[in-house]
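# A closer look at the structure
Listed below are the residues making up each chain.
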Amino acid sequence: MSPSLSAAPDCASAELTFWINGQSSSVVVGTSLAAALAAAGMGSSRQSVMGQQRAALCGMGVCHECAVDVDGQRRLACQTLVRHGMQVRTDAADSMVAIAATGVPFNAARQHATPATPYGSIPSAASARPTPLHCDLLIVGAGPAGLAAAAAAAPSGVEIVVIDDNPAPGGQVWRRSHAAPATAVLRERLNKLSAHANVRLLSGARVAAVAAAAGAEGEQSLLLDDGRDGLVIHARRTLLCTGARELFLPFPGWTLPGVTGAGGLQALVKGGLSVRGQRVLVAGSGPLLLATAATLRQAGATLLGVAEQASWRAMAGFMAQLPRWPNKLWQAARLAEPRWRANQWVLRALGTHQLQAVELQAGARRVVIECDRLACGFGLVPNTELGQLLGCALGANGGLAVDAQQATSVAGCFAAGECTGIGGSERAAVQGALAGAAAVVSLDTPNTLTARTKIKSPQTRALRRWQAFADALHTHFRLNPALLRLAQADTLVCRCEDVPMSALQTHDGWVSAKLATRCGMGPCQGRICGAAAQAMLGWTLPPPRHLLNPVRIGLLAGASSEQAAAPKS
Amino acid sequence: MSHCDVIVIGAGIVGAACAHELSRAGCAVTVLDDRRGGATQAGMGHLVVMDDDAAEFALARASMQRWQAWREQLPAACAYSPTGTLWLAANDNELAEAQRKHHRLAAGGVHSELLDAVALAAEEPALTHDLAGGLRVPADAIVYAPAVADWLLASAPRPIVQRRATAVAITDDGVRLTDGTLLRAGAVVLAAGIDALALCPELPLQAKKGHLVITDRLPTLIRHELVELGYIASAHARSGSSVAFNAQPRPTGQLLIGSSRQFDSADARIDHAILSRMLRRALRYLPALADVPAIRSWTGLRPATPDGLPIIGRHPTRPRLWLALGHEGLGVTTAPGTAMLMAAAITGQGGLRELDAEPYRADRFAGLRARNGAVEVAA
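Residues numbered from 1 in each chain as written. Chains lettered and ligands numbered in written order. Predicted model: local features only at pLDDT ≥ 70, side-chain atom pairs only at ≥ 80, totals over all residues. Heavy atoms only, no water.

## Considering the overall build of chain A
When helices and strands are tallied, chain A shows 17 helices and 27 strands. Looking at chain A as a whole, 59% of its 569 residues are labelled buried. For chain A, the proportion of contacts with a sequence separation of at least 24, taken over those separated by at least 6, is 66%. As displayed, chain A offers around 21600 Å² of accessible surface, 54% of which is attributable to carbon and sulfur atoms. (Helix = DSSP H or I, 4+ residues; strand = E, 2+ residues; numbered from the N terminus. Buried < 20%, exposed > 50% of the residue type's maximum accessible area, 1.4 Å probe, protein only. Contact = heavy atoms within 4.5 Å. Areas by Shrake-Rupley, 256 points an atom, 1.4 Å probe, with all protein chains shown as cover.)

## A closer look at the overall build of chain B
When helices and strands are tallied, chain B shows 11 helices and 19 strands. Computed over the C-alpha atoms, the radius of gyration of chain B is 21 Å, within 12% of the 21 Å expected from 2.2 N^0.38 for a compact globule of 379 residues. The principal-axis extent of the C-alpha atoms belonging to chain B is close to 60 × 40 × 40 Å. Across the 379 residues in chain B, those meeting the buried criterion constitute 61%. Taking contacts inside chain B between residues at least 6 apart in sequence as the whole, the part at least 24 apart equals 74%. For chain B, the accessible area works out to roughly 13800 Å², and carbon and sulfur atoms hold 52% of it. The positive charge centre, built from 37 side chains, and the negative charge centre, built from 38, are 4 Å apart in chain B. (Rg over C-alpha atoms; globule rule 2.2 N^0.38 Å. Lys, Arg positive; Asp, Glu negative; His and termini not counted. Charge placed at Lys NZ, Arg CZ, Asp CG, Glu CD.)

## Points about unusual backbone geometry
Of note, the amide linkage connecting His546(A) to Leu547(A) takes the cis form, showing an omega dihedral of -5 degrees. Assignment of secondary structure puts Leu547(A) in the loop between helix H15 (527-537) and strand S27 (551-552). With an omega dihedral of 5 degrees, the bond running from Gly258(B) to Ser259(B) counts as a cis peptide bond. Here Ser259(B) lies in strand S16 (residues 255-262). At Asn21(A), a position not held by glycine, the phi torsion is positive, near 50 degrees. Tracing the backbone shows Asn21(A) in the loop between strand S1 (15-20) and strand S2 (23-28).

## Some details on the packing of helix H1 (residues 13-24) of chain B against helix H3 (residues 54-71) of chain B
Residue and element names in this part refer to chain B. Between H1 and H3, whose axes approach to 14 Å, the crossing angle comes to 75 degrees. On the basis of their axis angle, the class for H1 and H3 is roughly perpendicular. Of H3, the residues touching H1 (which contributes Ile-13, Ala-17, Glu-21 and Arg-24) are Arg-66, Trp-67 and Trp-70. Classifying every residue of the contact of H1 with H3 gives four nonpolar, no polar and three charged. (Axes fitted to C-alpha atoms, helices over the stretch in contact; angles between N-to-C directions. Parallel < 35°, antiparallel > 145°, perpendicular 65-115°, else oblique. Nonpolar A, V, L, I, M, F, W, Y, C, P; charged D, E, K, R; others polar.)

## Brief notes about the nonpolar core
If you look at the biggest cluster of nonpolar residues, it comprises 73 residues, and the most contacted ones within it are Val8(B), Ile13(B), Leu22(B), Trp67(B), Trp87(B), Val189(B) and Tyr360(B). Ignoring sequence-local partners within four residues, the contact set of Trp67(B) consists of Ile13(B), Leu47(B), Leu74(B), Val143(B), Val148(B), Val332(B), Thr333(B) and Pro336(B). The next biggest cluster of nonpolar side chains, apart from the first, holds 55 residues, and it includes Ile20(A), Ala77(A), Cys78(A) and Met86(A). (Core = buried A, V, L, I, M, F, W, Y, C linked by side-chain atoms within 4.5 Å.)

## A word on the sheet that holds strand S20 (residues 357-362) of chain A
All names here are of chain A. The three strands are arranged S19-S20-S21 in an open sheet whose pairing can be described as antiparallel. Two strands in the sheet have a free side with no partner beyond their single neighbour: strand S19 (344-350) and strand S21 (365-370). Strand-to-strand twist across the sheet, computed as the mean angle between neighbouring axes with direction ignored, equals 25 degrees. (Pairing = 2+ DSSP bridges.)

## Observations concerning the environment of Gln254(B)
Structurally, Gln254(B) is set in the loop between strand S15 (241-249) and S16. Look at Gln254(B) and you get buried, because its relative accessible area is 1%. It is 8.8 Å that separates the C-alpha atoms of Gln254(B) and Thr220(B), two residues lying 34 residues apart in sequence. Beyond its immediate sequence surroundings of up to four residues, Gln254(B) is in contact with Arg518(A), Met521(A), Ile214(B), Thr215(B), Asp216(B), Arg217(B), Leu218(B), Gln248(B), Pro249(B) and Ile295(B). Here the side chain of Gln254(B) touches Thr252(B) through a polar contact of 2.9 Å, side chain to side chain. (Polar contact = N/O pair within 3.5 Å; in protein donor to acceptor, adjacent residues only side chain to side chain.)

## Looking at the confidence of the model for chain B
Residues with a pLDDT of 70 or more make up 96% of chain B, whose mean pLDDT is 92. Here residues 371-379 of chain B is modelled with pLDDT under 50, and outside its nearest four sequence neighbours on either side it reaches nine contacts, counting other chains as well. (pLDDT = per-residue confidence, 0-100.)

## Some remarks on the sheet that holds strand S9 (residues 167-171) of chain B
Residues and elements named next belong to chain B. In spatial order, the strands read S9-S10-S11; together these three strands make up an open sheet with antiparallel pairing. Edge positions in the sheet fall to S9 and strand S11 (182-184), since each has one partner strand and no second. Averaged over all adjacent pairs, the angle separating strand axes in this sheet is 25 degrees, with direction ignored. Where strand S10 (residues 174-177) lies against S11, three bridges are found, and the strand directions are antiparallel. In the sheet register, Val-175 faces S11, and the bridge partner there is Leu-183.

## Remarks on the interface of chain A and chain B
Frequently, the measure chosen for interface size is the accessible area that the parts lose on association. If you look at the interface, chain A gives 43 residues, while chain B gives 37 residues. Between chain A and chain B, the buried area comes to about 3400 Å², and carbon and sulfur atoms account for 59% of it. For the pair chain A and chain B, the interface holds four salt bridges. Counting across the chain A and chain B interface gives 16 residue pairs in polar contact (both at pLDDT 80 or more). Only strand S6 (73-76), helix H2 (92-102), strand S11 (206-212), S27, helix H16 (553-558) and helix H17 (561-564) of chain A provide two or more residues apiece to the side of chain A that touches chain B. Its residues assigned to classes, the side of chain A that touches chain B comprises 24 nonpolar, 12 polar and seven charged. Of the strand pairs in this sheet, S27(A) and strand S17 (residues 293-304) of chain B are connected by two bridges, and their pairing is antiparallel. (Buried area = accessible area lost by both parts, 1.4 Å probe. Salt bridge = Lys/Arg side-chain N within 4 Å of Asp/Glu carboxyl O.)

## A short note on helix H5 (residues 262-270) of chain A
Residues and elements named next belong to chain A. Among the nine residues in H5, nine count as buried, and that is most of the element. Taken together, the buried positions of H5 are Ala-262, Gly-263, Gly-264, Leu-265, Gln-266, Ala-267, Leu-268, Val-269 and Lys-270. Where the residues of H5 are buried, they touch helix H1 (33-39), strand S14 (244-246), strand S15 (259-260), strand S16 (279-284), helix H6 (288-298) and strand S22 (373-377).

## Thoughts on the side chain of Gln248(B)
Residue and element names in this part refer to chain B. Summarising the element assignment, Gln-248 is placed in strand S15. Polar side-chain contacts of Gln-248 include one of 3.2 Å to the backbone oxygen of Met-44. Within polar-contact distance, the side chain of Gln-248 engages the side chain of Arg-250 at 2.6 Å. What Gln-248 contacts, discounting residues up to four positions off in sequence, is Met-44, Gly-45, His-46, Ile-142, Ile-222, Glu-225, Gln-254, Leu-255 and Leu-256.

## So, the confidence of the model for chain A
All names here are of chain A. Here chain A averages 85 in pLDDT, while 86% of its residues score no lower than 70. Across chain A, the element-wise mean pLDDT spans from 42 in H17 up to 98 in strand S24 (residues 413-415). Here residues 94-130 is modelled with pLDDT under 50, and outside its nearest four sequence neighbours on either side it reaches 68 contacts, counting other chains as well.

## As for the pattern of salt bridges
Going through the model one piece at a time under the given rule, you end up with 42 salt bridges over all chains. As a salt-bridge pair, Arg100(B) and Glu97(B) come within 2.9 Å of each other at their nearest N and O atoms. One end of the pair, Arg100(B), and the other, Glu97(B), are both in helix H4 (residues 92-107), three residues apart, so they sit about a helical turn from each other. Among the ionic pairs, Lys208(B) bridges to Glu328(B), the shortest N-O distance being 2.6 Å. Highlighted residues: Lys208(B) in strand S13 (residues 206-215) and Glu328(B) in the loop between strand S19 (321-325) and helix H10 (331-347), separated in sequence by 120 residues. Per residue, the accessibility class of Lys208(B) equals that of Glu328(B), and both read buried. Each of the salt bridges in this network shares a partner with another, and the network as a whole consists of Arg46(A), Arg54(A), Glu65(A), Arg495(A) and Asp498(A).

## Concerning the packing of H3(B) against H10(B)
Residues and elements named next belong to chain B. Here H3 crosses H10 at 95 degrees, and the two axes come no closer than 7 Å. On the basis of the axis angle, H3 is roughly perpendicular to H10. Between H3, through Glu-56, Leu-59, Ala-60, Ala-62, Ser-63, Met-64, Arg-66, Trp-67 and Trp-70, and H10, the contact on the second element is made entirely by Val-332, Thr-333, Thr-334, Pro-336, Gly-337, Thr-338, Met-340 and Leu-341. Of the residues in the contact of H3 with H10, the class split is 10 nonpolar, five polar and two charged.

## With respect to the packing of aromatic side chains
Evaluation of the coordinates by the stated rule reveals seven aromatic pairs over all chains. Where Trp67(B) meets Trp70(B), the ring centres are 5.1 Å apart and the plane angle is 80 degrees; that geometry is what we call edge-to-face. Remark: Trp70(B) and Trp67(B) occur in helix H3; sequence separation between them is three residues, near one turn of the helix. The exposure class assigned to Trp70(B) is buried, which follows from its relative accessible area of 5%. Three or more aromatic residues link up through ring pairs in this structure, and these residues are Phe318(A), Trp325(A), Trp466(A), Phe469(A) and Phe477(A). Its end group placed over the ring of Trp466(A), Arg465(A) keeps NZ or CZ at 4.8 Å from the ring centre. Stacked on the ring of Trp254(A), the Lys or Arg Arg495(A) has its end atom at 4.7 Å from the ring centre. (Phe/Tyr/Trp six-rings, centres within 6.5 Å; stacked < 30°, edge-to-face > 60°. Lys NZ or Arg CZ within 6 Å of the ring centre and 35° of its normal.)

What follows is the structure in structure tokens.
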């Protein structure tokens, strides 16, 4: 296995110097660029189409609000670790105009520095990797499901590649803090995998497109954006562990810098964003709010409250069921939050260029709370886009439909974890192990016997147990319909294209609204506004189109036709 | 017949323009469309006068006059932008071709300007500096064609009935829908692009698949619609696959990048190999594109006829069926001329002085006449 999979060395004391719009700045190693921008006093990262200031919302590479130019290329600040000498521009507009005026290709002066990230990126030795890359099993996502899948599949000896778009493995749940060593549970999993030379990890790589039609034996060819020249990977089996993102429900003021997702702010803080001494309100729904609150307290924030939209009655009902899952009970106890309040939700965020206060519905009362940050999450949305692009059918729960072996409707393609429907990290890990073993069995190689024996009833029982937990979550934290009506006529729904609610209300569906208003046509590919429109307006979204993620034209052009040709089986 | 009932199948730019003109001529018009989108939604919306065939040139000239008249009335959503077209000559051979094109356009009354390498670099500094020159056609423009189609349907003097429906058959007295309903009409105009084959399999139409890529919003990189002169050869190819550089500055600040043509594929999926080839071609002309983020790519199917000219007029053997089809990549440009011809023919209000309908007649395809006769007998 590649050295990058081992738990990273801790070198948080080292300082890096980089440049923001020509001004030098310093941060400790492991700091995300989003955090570094905030530390340098950049309260926003971009200007919207209508000229509003915007800053990171999702914190996990979905919303594109934190897109900046890094060494001449558009990057998401939340997914990028600061490197020594990095040139960052938030005023990229000006540099582009200069280029247009001179005719000099603006990548001419760029230096291709080898990424010097302390962990997570493929080692430089791998730059001599064969292109295209072939493997038996491609696992997309290195969170709980993906790592469990790799662990289950590794002993068979088949060639496994795990890719993940974050700078380091662990997914959202085990996202490590820049200032602390990886959690014990992540360390243990990575150490276990490090014993297997047949497992390779590519961090900081995301699927940009499907490179060729699926082969007759279930092979897939995907174009990966690895932050450099890109590569095509041919995989005999594909296992999707693409996780989930937060659901954002538009409310007045939700585009103000200072408003983030709940998981989003947690991720940003883990990336080094300082909230010390800041007044933070956490709002929305679900246990994620408590995890965020715990992270914020630990980071020195002044927690003003945790507003849970569900009723006391629903929460009590959920708590009463917790003894069925003892380690969840223990987790709940650890996350016990004195400022947790039921039956409260955000009505609007107030401020001109930056969040200043939040108006909250608290039971029958409305209160205005002055604050620096609002961390707001209304639950999770399965990341089904890659699966849908490959042709996988969706299930009734909105996730990718899978059978008892975690096989999707597309031959050779498996799925596990949150992308098959929201169910938590424990269920994801069980599903991942099942899927990893099943994918190996389906390869029908001589060494699959061990893997086959692993598909046992205890796992099936565990799966049922965690599914029951997920069901209890969905039942007790069901969204109050009032939250679906927070957006006013002038509230923006599509943040990429600045499309207000009023523009959408005259349409009967997503496709017509998109063609007429540009809603969903921006770089986030409708992931934020599409999920919101689905929740608020009941619209059905068509399967996603190419590209799966924005990608440099040079990278798209560079993947040659020979590379993209279907693999020979 | 000044008050006939006409059903137009297809609410793309050609169908919408036909419906609009028929309404202006006093007809009661119903437009059917399944709203799945076609070449109008997939295309670039480039209004470009192609001069390499006399009939195509005539249709484009008549159409551009109408576009000029519409221009002031188009709502903002139609995004009319007078970018002009800048034809790019990569070498002296292409520069000689630019000169010939300049003369042909002039002979047809279309103004254009030859640019040498220095003038070209001044006009479009982001272009590679090793080009020989170019030809600017200032009257060409760009629009957002789906919005124009909607406007044409909504702004007709006699209200057009729009139905979201799928036609499954064209009968002697009307159109049958999926639910079995028969809509009766004195005339049916088939303007469904390549989808017309489902209703009228005898049509000599072939899909020419194209790919497009759109970038994120950028500050101004180019000002004109840029097209390499090699595009003309690519556009006229009758088999195989070809790519040619074509880039359009959208009013949003995005760039729309084409072009590709494939005969061997009716599969709407992205063909990554041809997409890469198309973008490598684009990088040859606009090196600065390399680091520009592409945010979406898609394909469309151009409905192509064997001789490259559209079919505009009565079906050879089905007197109540009228065809407005096969515009390939020029449907947006030539929709107005097509609609004028169609309205004049259906209403019998005589020919158009400025435009001869003869070259576009459906009965120029012997195969269509014969094959269709057989179909009629069998039916």
